[in-house]
Structures are given as C-alpha cells and as structure tokens.
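# Chains, contacts and geometry: an overview
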Amino acid sequence: MQVLLIGGTGLLGGAIATELVARGHSVRALVRTGKHIGHLRTLGVALEAGDMRDARALRRALRSAPAVITTAQGNPLSRATPMRQIDGAATQQLVDLARQAGVPRFVLVSALKADVGAAFVPQLAYKFAAEQVLQASGVPYTLLRPSSFQETFDDGFAPFKRIIERFGIGMTMGSGRGQHSFVAIHDVARAAVLALDHPAALNQIVPIGGPDDLSYRDAYRRIAAITGRRITIVPVPRPALTLGGVLGKPVLPELGDFFAFFRFFDRFGYTCTTPDWLVAALGSRRSFDTAVREMYVSAALASQ
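Residues numbered from 1 in each chain as written. Predicted model: local features only at pLDDT ≥ 70, side-chain atom pairs only at ≥ 80, totals over all residues. Heavy atoms only, no water.

## Focus on empty space enclosed by the protein
- Within this structure, the stated rule accounts for two cavities of 30 Å³ or more.
- One number sums up the size of the largest cavity: a volume of about 60 Å³.
- Lining the largest cavity are Met173, Gly176, Gly178, His180, Tyr216, Phe262, Phe265 and Asp266.
- If you tally residues by element for the lining of the largest cavity, the top one is helix H11 (residues 255–268), at three residues.
- Taken together, the residues that form the lining of the largest cavity break down as four nonpolar, three polar and one charged.
- Looking at the second largest cavity, its volume works out to about 40 Å³.
- What lines the second largest cavity is Ala72, Asp87, Thr91, Leu108, Val109, Lys127 and Ala130.
- Elements with a minimum of two residues in the lining of the second largest cavity: helix H4 (83–101), strand E5 (106–109) and helix H6 (122–137).
- Class assignment for the residues of the lining of the second largest cavity results in four nonpolar, one polar and two charged. (1 Å grid on protein atoms, 1.4 Å probe; cavity = no way out; pocket = protein on both sides within 12 Å on 5 of 7 lines; lining within 4 Å. Points joined across faces, edges and corners; volume = space filled by probe spheres on them. Helix = DSSP H or I, 4+ residues; strand = E, 2+ residues; numbered from the N terminus. Nonpolar A, V, L, I, M, F, W, Y, C, P; charged D, E, K, R; others polar.)

Below, the structure is given as structure tokens:
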C-alpha cells in the first residue's frame, strides 16, 4: 500500500515509519524542515518537503491518493508550531484535502479521552474537533487514541528521567495520583499500521493502552524498585500549574494549555481498555516493568 506519513520526524512517527517499511508499504513522509530526517532516510522513505499548514504542499503530497497516517501535533513550548494550528486547523485541512483526493484510508492518531477532555484541555479540544471533521468527511478512517507513553520516563521525551538521575526526584505535575494506561510507542506504531487494513478498525475509535494501569507515583516506585535508586516524589500542586501558565503566557502562549492536560489527568485519570481484536493482533504489549529495564538498566549498561 502507498502511505503518506505526516509527523514522521517525531518519536511515534519514526516508529510508524519503521513498521510501515517492515511490512512492505511504500512510504512518503511530509517533512517541514531537514531536521531529524536521518532515520527516515535510512529506511528509504521518500521525503516530501512541505508544511502541513500549506494547502499546496498537502495537495502535492496527496497525489496518487495514498492512504494517510498522521501523528502531527503542535508543541506548546514553541511559538513556531502551536497546537491550535497543527492539532486544529492544519489537521482539519488535511482531512478535507484527503477527501478531495479520494484517499482509501485515513488513520488519525489522536489522544485518549479527546471527547471527554475537550471541555477542559485545549489540545484535546483541537483533536476532538479534527476527529469530528474526519468522521463527517466520508473518508474511511480509524481514530487511534493512545494513552500516555511509557517513554515519558525516558530520555528525549520529557525531563523526568534527567531529574531522577541528577536529583533523585520523581516530579509529578499535580498530585500524580491519576491512573494512566502507560503504553509503549512501538505498540502504538504497530496499531497505527494495523489500522490501515484491519477490518475491525474501519470507521472506529480505537483506544490503546499498555497492560498496566499506574499513576505517576506508582511509576516512580516501580522505577525505584527496578533500578535500586532512591526516588523522592515531589508534586507540583495544581494551583502552581495554573499560575505557571499565567506567568508564562507572554513568552509561551500555550503553556497554560499544556498544564491543563496534567490537571485533567489528576481529575479524570487516563486509562482505557484496549479492544480484544487489537490485543490479539498485536500479540503482546510491552509492560511498564520491561520498559523501565530497557530505558534505565539496559541503557546504563550500554553506556558503560
């Protein structure tokens, strides 16, 4: 199958590219800049230069009506790619142009509880709006809604691992008591590729989580037990998150929106039940303990 991948330079997008190539798909990736494209080049992915906010670039990328997988999302810590543009208007534009091009399948990687969280978290509101546009478009679709990534506690995704290693602190944004179905990026990538042609995924909303439901506090305790580190859990209270968003708004307008996600986690949790058909198709999902051993123990041995 010919597939257009949007967001291929990210961690999840790169994992999806790997899975697509491994399964024999012909892959093109729309890339905004020349940064972080080494992995895609190594895989032999055809690169299409363009910004997903540019309709002309999207029309070129959608030539020959490829199937589409998009993981694109904005960065609340950057003015260059705000969430309201990427998760919102640009994704909706992509859906409309995909409809015009007659694409055979559209896999949108959204977020767990986008519907519930739309009233509380701007980023989830943008994603939920894009979901609704896709569902109304007539394009055959799958809405993949992953829970929090296990890689949140690894290098290169969030600062939590560096804070653990340097200061022995497990920081939680809010109380850290809300439960998450922490899932491996690789498992989400496999699910996204399976969704291209699995009959059970057609025109469905598909939640995906890992086999373990844990709070951030539970996660830090697991990391401490497996690595032998002493980790002191330090919560950042919800009012402090709100204040930080207000104070940071002149420099980072979406910082408060980002912190709203953590307040949502605290209030509602972030757990799900992965559909039986997907569990069977995946065969297995990486456990949180296995993830910790790979991210901390194996990584430490490799660096010696």
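## Re a nonpolar patch on the surface
- On the surface, Val116, Phe120 and Phe268 cluster together into a nonpolar patch covering about 230 Å² of accessible area.
- Assignment of secondary structure puts Phe120 in the loop between helix H5 (114–117) and H6. (Patch = residues over 30% accessible without salt bridge, like charges linked within 9 Å, V, L, I, M, F, W, Y side chains within 5 Å. Areas by Shrake-Rupley, 256 points an atom, 1.4 Å probe, with all protein chains shown as cover. Salt bridge = Lys/Arg side-chain N within 4 Å of Asp/Glu carboxyl O.)

## Structural notes on the sheet that holds strand E9 (residues 204–208)
- Spatially, seven strands are ordered E3-E2-E1-E4-E5-E6-E9 in an open sheet, and the strand pairing comes out parallel. Edge strands, defined here as strands with exactly one partner in the open sheet, are strand E3 (46–49) and E9. Neighbour to neighbour, the strand axes of the sheet diverge by 20° on average, direction disregarded.
- For strand E1 (residues 2–6) and strand E4 (residues 67–70), the ladder comprises four bridges, and the chain directions are parallel. Within E4, the position partnered with Leu5 by the bridge is Ile69.
- Against the sheet, helix H8 (residues 185–194) makes contact with E4, E5, strand E6 (141–146) and E9, and its axis sits at roughly 170° relative to E6, the strand it touches most. (Pairing = 2+ DSSP bridges. Axes fitted to C-alpha atoms, helices over the stretch in contact; angles between N-to-C directions. Contact = heavy atoms within 4.5 Å.)

## A short note on the pattern of salt bridges
- Enumeration according to the criterion identifies 18 salt bridges in this entry.
- Across the pair Asp54 and Arg56 runs a salt bridge whose closest N-O atoms are separated by 3.7 Å.
- Look at Arg56 and you get exposed, because its relative accessible area is 60%.
- Within the structure, one salt-bridge network assembled from shared partners comprises Asp154, Asp155, Lys161 and Glu165. (Buried < 20%, exposed > 50% of the residue type's maximum accessible area, 1.4 Å probe, protein only.)

## Focus on the packing of aromatic side chains
- By the definition in use, this model includes 17 aromatic pairs.
- Centre to centre, the rings of Phe153 and Phe182 are 5.4 Å apart; their planes meet at 70°, and the pair counts as edge-to-face. You can see Phe153 sitting in the loop between E6 and helix H7 (160–167) and its partner Phe182 sitting in the loop between strand E8 (179–180) and H8, a full 29 residues away along the chain. Taken as a pair, Phe153 and Phe182 share a single burial class, namely buried.
- Pairing Phe182 with Phe288 gives two aromatic rings, centres 5.7 Å apart and planes at 45°, and the pair type is tilted. Taken together, the residues Phe182 in the loop between E8 and H8 and Phe288 in helix H13 (residues 288–303) connect sequence positions 106 residues apart. An identical accessibility class is assigned to Phe182 and Phe288; each is buried.
- Over the aromatic face of Tyr296 sits the side chain of Lys161, whose NZ or CZ is 4.9 Å from the ring centroid. (Phe/Tyr/Trp six-rings, centres within 6.5 Å; stacked < 30°, edge-to-face > 60°. Lys NZ or Arg CZ within 6 Å of the ring centre and 35° of its normal.)

## Looking at unusual backbone geometry
- Of note, the phi angle at Ala65 is positive, near 50°, even though the residue is not glycine.
- If you trace the backbone, Ala65 turns up in the loop between helix H3 (55–61) and E4.
- Its identity is not glycine, yet Lys113 carries a phi of approximately 60°, on the positive side.
- Secondary-structure assignment places Lys113 in the loop between E5 and H5.
- Judged by relative accessible area, which is 19%, Lys113 ranks as buried.

## Re the environment of Ala260
- Tracing the backbone shows Ala260 in helix H11.
- Note on Ala260: relative accessible area 5%, which makes it buried.
- Note: C-alpha distance between Ala260 and Gly117 (143 residues apart in sequence) is 9.8 Å.
- If we ignore the near neighbours within four places in the chain, the residues touching Ala260 are Phe120, Val121 and Pro122.

## So, H8
- Judged by how many residues are buried, H8 sits mostly within the fold: nine of 10 residues are covered.
- Burial in H8 covers these residues: Ile185, Asp187, Val188, Ala189, Arg190, Ala191, Ala192, Val193 and Leu194.

## Some points on the packing of H6 against H11
- Two elements in contact, H6 and H11, have axes separated by 7 Å at closest approach and are oriented at 90°. Relative to H11, the element H6 is oriented roughly perpendicular. Taking contact as the criterion, the partners of Pro122, Gln123, Leu124 and Tyr126 in H6 are, on H11, Asp257, Ala260, Phe261 and Phe264.
- For the contact of H6 with H11, a count of residues per class yields six nonpolar, one polar and one charged. (Parallel < 35°, antiparallel > 145°, perpendicular 65-115°, else oblique.)

As far as function goes, none of this settles anything; it's purely spatial.
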